[in-house]
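Remarks on the overall topology
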Protein chains: 2
Amino acid sequence: MKIRAATGADHDAIWNIFHETIATGDTYAFDPKMSRQEALAYWFRADTHAYVAEKDGRVGGTYILRPNQLGPGSHVANAAFMVASDAQRSGVGRSMAKHCLDEARRMGFRAMQFNFVVSTNTPAIHLWEQLGFKIVGTLPGAFHHPEKGYVDVYVMYRSLLED
Amino acid sequence: MKIRAATGADHDAIWNIFHETIATGDTYAFDPKMSRQEALAYWFRADTHAYVAEKDGRVGGTYILRPNQLGPGSHVANAAFMVASDAQRSGVGRSMAKHCLDEARRMGFRAMQFNFVVSTNTPAIHLWEQLGFKIVGTLPGAFHHPEKGYVDVYVMYRSLLED
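Note that the structure is a prediction, hence the values are computed from the model and not measured.

1. Things to note about the pattern of salt bridges
Opposite charge on two side chains makes pairing possible when the charged atoms of those side chains draw close. Residues and elements named next belong to chain A. Scanning the entire structure with this criterion turns up 14 salt bridges over all chains. The residue Asp 47 makes a salt bridge to Arg 45 at a minimum N-O spacing of 2.9 Å. Judged by its relative accessible area of 29%, Asp 47 falls in the partly exposed class. Where Asp 102 meets Arg 105, a salt bridge forms, and the shortest distance between an N and an O atom there is 3.5 Å. Of the two residues, Asp 102 and Arg 105 both sit in helix H3 (residues 92-106), 3 residues apart, roughly one turn of that helix. According to the relative accessible area criterion, Asp 102 is partly exposed, its value standing at 48%. Among the charged side chains, a network of salt bridges with common partners joins Arg 4, Asp 10 and Glu 54.

Pasting the structure below:
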């Protein structure tokens, strides 16, 4: 698997993954009807580094890395990950996450924070915990799940200074 | 004191308050050198309701109210408050906070979340606790304080459904 910076040539692949990810409405706080233009504007924002994971010349996942806050909060990174439905459980997510932690360290970030991990998204939570993240906050009922109704959301955090 | 929706005629007053608030660099994760244009773009973003508190025809404070997340997270409000240095301790902050909670309920928000309350900002934390907010998360060292170095940041949250 090759993980590299995303380019304009990846827009179609990224939009396909983005769209199928938000269409289910069970993991991300995006409007499932978000347009391609809005999605790509978000993914390629000026302060954001976007990456794709390629396997056999096909994009199986994408992630972004950026400062979570400005100025005196800009030493903490934020990231978001999306894996194509037909590439789930193939290790793409884990590979991107490790790549992301390395990139964040390389850029000098001191920590990484996920602001909005839906508590019913157990595969993601397990992966983040395996990679050293801890739940540092719980937002009661902050996500409206299409089947489960209002469910909690976790804030997850890890230092990048140790190990 | 009169609290009302902000208009273009309030831009100067808002920028003055915004600028002096972020210049100290000890409460907000904004670059202290943020430009007037960037600041007003942030305060008057398309998804944002901006307000001012007026006393004797003078703007002593300003606040914004908006959804904290999109789509399945958009039932939780976010807000930010700034008080002019010469209007501190005059009750402007508390009046705006109460107004904001009423507005958020009126708009149908189910809860309110502050993503980034610097732990050294004790007056703000006390006010939020008095108004029913709880610390639901702690971000270790997530703010670089100009004198105290890396300090913790709190995530604070309250339901708008009770009482």
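2. Here's the deal with the packing of helix H1 (residues 11-23) of chain A against helix H2 (residues 36-43) of chain A
All names here are of chain A. Relative to each other, H1 and H2 sit at 105 degrees, their axes nearing to 10 Å. If you check the angle between H1 and H2, you find them roughly perpendicular. Each of His 11, Asp 12, Ile 14, Trp 15 and Phe 18 in H1 lies in contact with H2, whose residues at this interface are Arg 36, Ala 39, Leu 40 and Trp 43. In the contact of H1 with H2, the residues fall into 6 nonpolar, 1 polar and 2 charged.

3. Considerations on the interface of chain B and chain A
Tallying the contact residues gives 27 residues for chain B and 27 residues for chain A. Summed over both partners, the interface of chain B with chain A comes to about 2,100 Å²; 65% of that surface belongs to carbon and sulfur atoms. Elements represented by at least two residues in the side of chain B that touches chain A include exactly strand S5 (111-118), strand S6 (134-145) and strand S7 (149-159) of chain B. Of the residues forming the side of chain B that touches chain A, the biggest block, 9 residues, is contributed by S6(B).

4. Examining the packing of aromatic side chains
Tallying each qualifying case throughout the model produces 28 aromatic pairs over all chains. Ring geometry for Tyr51(A) against Tyr63(A): centres 4.5 Å apart, planes inclined by 10 degrees, an arrangement best described as stacked. A residue pair is termed long-range when its members are at least 10 positions apart, and Tyr51(A) in strand S2 (residues 49-55) and Tyr63(A) in strand S3 (residues 58-67) qualify at 12 residues. In this structure, Tyr51(A) and Tyr63(A) share a single accessibility class: buried. In textbook terms, an aromatic cluster arises when at least three aromatic residues are bridged by ring pairs, as seen for Trp15(A), Phe18(A), Tyr28(A), Phe30(A), Tyr42(A) and Trp43(A). Arg110(B) extends its terminal NZ or CZ atom over the ring of Tyr150(A), reaching a point 3.7 Å from the ring centre.

Thresholds, definitions, all that
- Each chain carries its own residue numbering, running from 1 in the direction its sequence is written.
- Throughout, the order in which chains and ligands are written sets their labels, letters from A for the former and numbers from 1 for the latter.
- Side-chain atom pairs in this predicted model are given and counted only at pLDDT of 80 or more, local residue features only at pLDDT of at least 70, and totals for whole chains, interfaces and linings cover all residues.
- The basis for every side-chain value is the complete set of non-hydrogen atoms in the structure, without hydrogens or water.
- Basic side-chain nitrogens of Lys or Arg form a salt bridge, by our definition, when they fall within 4 Å of a carboxyl oxygen of Asp or Glu.
- Relative accessible area decides the class of each residue, using a 1.4 Å probe on protein chains only: under 20% of the type maximum gives buried, over 50% gives exposed, and in between gives partly exposed.
- In this description a helix means any DSSP run of H or I spanning at least four residues, a strand means any run of E spanning at least two, and both kinds are numbered starting from the N terminus.
- Working convention: axes come from line fits to C-alpha atoms, limited for helices to the stretch in contact. Angles between N-to-C directions cover 0 to 180 degrees.
- Note on angle classes: values under 35 degrees are labelled roughly parallel, values over 145 roughly antiparallel, values of 65 to 115 roughly perpendicular, and the remainder oblique.
- Residue contacts follow a heavy-atom distance rule, with two residues in contact if any of their heavy atoms lie within 4.5 Å.
- In this count, Pro and Cys sit with the nonpolar residues alongside Ala, Val, Leu, Ile, Met, Phe, Trp and Tyr, while Asp, Glu, Lys and Arg are called charged and the others, Gly among them, polar.
- In short, buried area is how much 1.4 Å probe accessible area vanishes from two parts on joining, totalled over both.
- Centres within 6.5 Å make a pair out of two Phe, Tyr or Trp rings, where for Trp the six-membered ring is used; the pair is then stacked when the planes are under 30 degrees apart, edge-to-face when over 60, and tilted otherwise.
- We call a charge positioned over a ring when the NZ of a Lys or the CZ of an Arg lies within 6 Å of the ring centre and within 35 degrees of the ring normal.

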